[in-house]
Amino acid sequence: MENMMGLLRIHVQRGVDLAIRDVVSSDPYIIIKMGKQKLKTRVVKKNLNPEWNDDLTLSISDPNLPVHLHVYDRDRFSFDDKMGDAVFEIGPFIEAVKMRVHGVPNDTIITRVQPSRQNCLSEESQIVVRDGKVVQNMVLRLRNVESGEVELQLHWIDIPGSKGL
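What you are looking at is a predicted structure, and each value in this text was computed from that prediction instead of being measured. As a convention, each chain's residues are numbered from 1 in the sequence order in which they are written. Two thresholds apply to this predicted model, a pLDDT of at least 70 for residue-level local features and 80 or more for giving and counting side-chain atom pairs, whereas whole-chain, interface and lining totals are computed over all residues. Excluding hydrogens and water, the side-chain values take into account all heavy atoms of the structure.

Peer 1: Explain a positive patch on the surface here, please?
Peer 2: Exposure above 30% relative accessible area and the lack of any salt bridge qualify a residue for a patch; like charges then connect within 9 Å, and the nonpolar side chains Val, Leu, Ile, Met, Phe, Trp and Tyr within 5 Å. Per-residue accessibility takes into account occlusion by the displayed protein chains alone, with areas from the Shrake-Rupley method and a 1.4 Å probe. In the sections that follow, a salt bridge refers to a side-chain nitrogen of Lys or Arg positioned within 4 Å of a carboxyl oxygen of Asp or Glu. Charge assignment: positive for Lys and Arg, negative for Asp and Glu; neither His nor the chain ends contribute. Lysine's charge is taken at NZ, arginine's at CZ, aspartate's at CG and glutamate's at CD. The grouping of Lys33, Lys38, Lys40 and Lys82 at the surface amounts to a positive patch. In this description a helix means any DSSP run of H or I spanning at least four residues, a strand means any run of E spanning at least two, and both kinds are numbered starting from the N terminus. With respect to the helices, strands and loops of the structure, Lys82 is situated in strand β6 (residues 81-88).

Peer 1: For this particular structure, what's the right way to read the sheet that holds strand β3 (residues 37-40)?
Peer 2: Sheet strands pair by backbone hydrogen bonding; their relative direction is either parallel or antiparallel. Judged by pairing direction, the sheet is antiparallel, and its four strands sit side by side in the order β3-β2-β5-β6 without closing on themselves. Only two strands of the sheet have a single neighbouring strand rather than two, namely β3 and β6. Along the sheet, successive strands turn relative to each other by an average axial angle of 20°, direction set aside. Paired strands, in this sense, are two strands between which DSSP finds at least two bridges. When strand β2 (residues 28-34) meets strand β5 (residues 67-73), the two strands line up antiparallel, connected through six bridges. Note on β5: the bridge partner recorded for Tyr29 is Tyr72. For helices, the fitted axis covers only the stretch in contact; all axes are lines through C-alpha atoms, and the angles between them, taken along N-to-C directions, range from 0 to 180 degrees.

Peer 1: Is there a simple way to explain the sheet that holds strand β9 (residues 133-141) in this structure?
Peer 2: Taken in spatial order, the six strands make up an open sheet running β4-β1-β10-β9-β8-β7, and their pairing is antiparallel. The open sheet is flanked by β4 (51-60) and β7 (109-113), the only strands paired with a single partner. The sheet shows a mean angle of 20° between the axes of neighbouring strands, direction not considered. Here eight bridges tie strand β1 (residues 6-16) to β4, and the two strands are oriented antiparallel to one another. Bridge pairing in β4 links Leu8 to Leu58.

Peer 1: Would you mind showing me how to read the pairing of β9 here?
Peer 2: Note on strand geometry: in a regular strand, side chains alternate between the two faces of the sheet. Summarising the sheet, strand β8 (residues 125-130) and β9 pair through four bridges and their orientation is antiparallel. If you follow Val129 over to β9, its bridge partner there is Val134. Taking the residues that link successive antiparallel strands as the turn, the β8-β9 hairpin has two residues, and the phi of Asp131 there is positive, at about 55°. Where β9 and strand β10 (residues 149-157) come together, seven bridges link them in antiparallel fashion. Each bridged residue has a counterpart across the sheet, and for Asn137 the counterpart in β10 is Gln153.

Peer 1: I'm lost on unusual backbone geometry in this one. Help?
Peer 2: When glycine is set aside, most residues are seen to have a negative phi, and most peptide bonds are trans. Of note, the phi angle at Lys46 is positive, near 45°, even though the residue is not glycine. With respect to the helices and strands, the residue Lys46 is situated in the loop between β3 and β4. Owing to a relative accessible area of 71%, Lys46 belongs among the exposed residues under this scheme. In this model, Asp131 sits at a positive phi of 55°, which is unusual for a non-glycine residue. Inspection of the secondary structure puts Asp131 in the loop between β8 and β9. Residue exposure (1.4 Å probe, protein chains only): buried if accessible area is under 20% of the type maximum, exposed if over 50%, otherwise partly exposed. Given the relative accessible area of 64%, Asp131 is considered exposed.

Have a look at this one:
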């Protein structure tokens with residue numbers, strides 16, 4: 001991929017209080033899209049508070065593109081039902097990675113991203129140093145649905161020979 005800066009690993013931790021789309025539960029999974037890239041978690045059967053712990057990796061060439069997250073309920077004999085969506089920007093995370101923090105103590109907060117009308121954050125998201133790397137934890141409130149949040153963690157992976165940050 002031309003002009004690739006590196007890789008963004010999105011650790012999809014879990015969903016909280018997701019909407020019921022089957023009789024009493026749902027079989028949720030997540031699709032993450034950025035530009036032309038599309039990635040999918042595994043399906044967790046009959047669970048409104050699923051623990052995915054899936055790692056999805058996007059190639060980043062344009063850090064200004066938003067990341068779209070869509071939650072669906074897997075249906076066997078019909079189209080999968082929508083269970084909400086969210087969007088987030090990686091700009092603040094990329095800026096923190098560019099700082100190249102070395103020798104900084106664990107859990108040092110580099111910056112904080114506040115919830116606003118321009119993002120789907122349900123609470124303050126902190127970008128911190130963990131084991132010498134920059135990570136961002138975020139809780140996204142799902143839109144276009146009666147309830148639900150998704151917890152993610154972002155990690156940056158440098159690629160040897162890439163344009164870099």
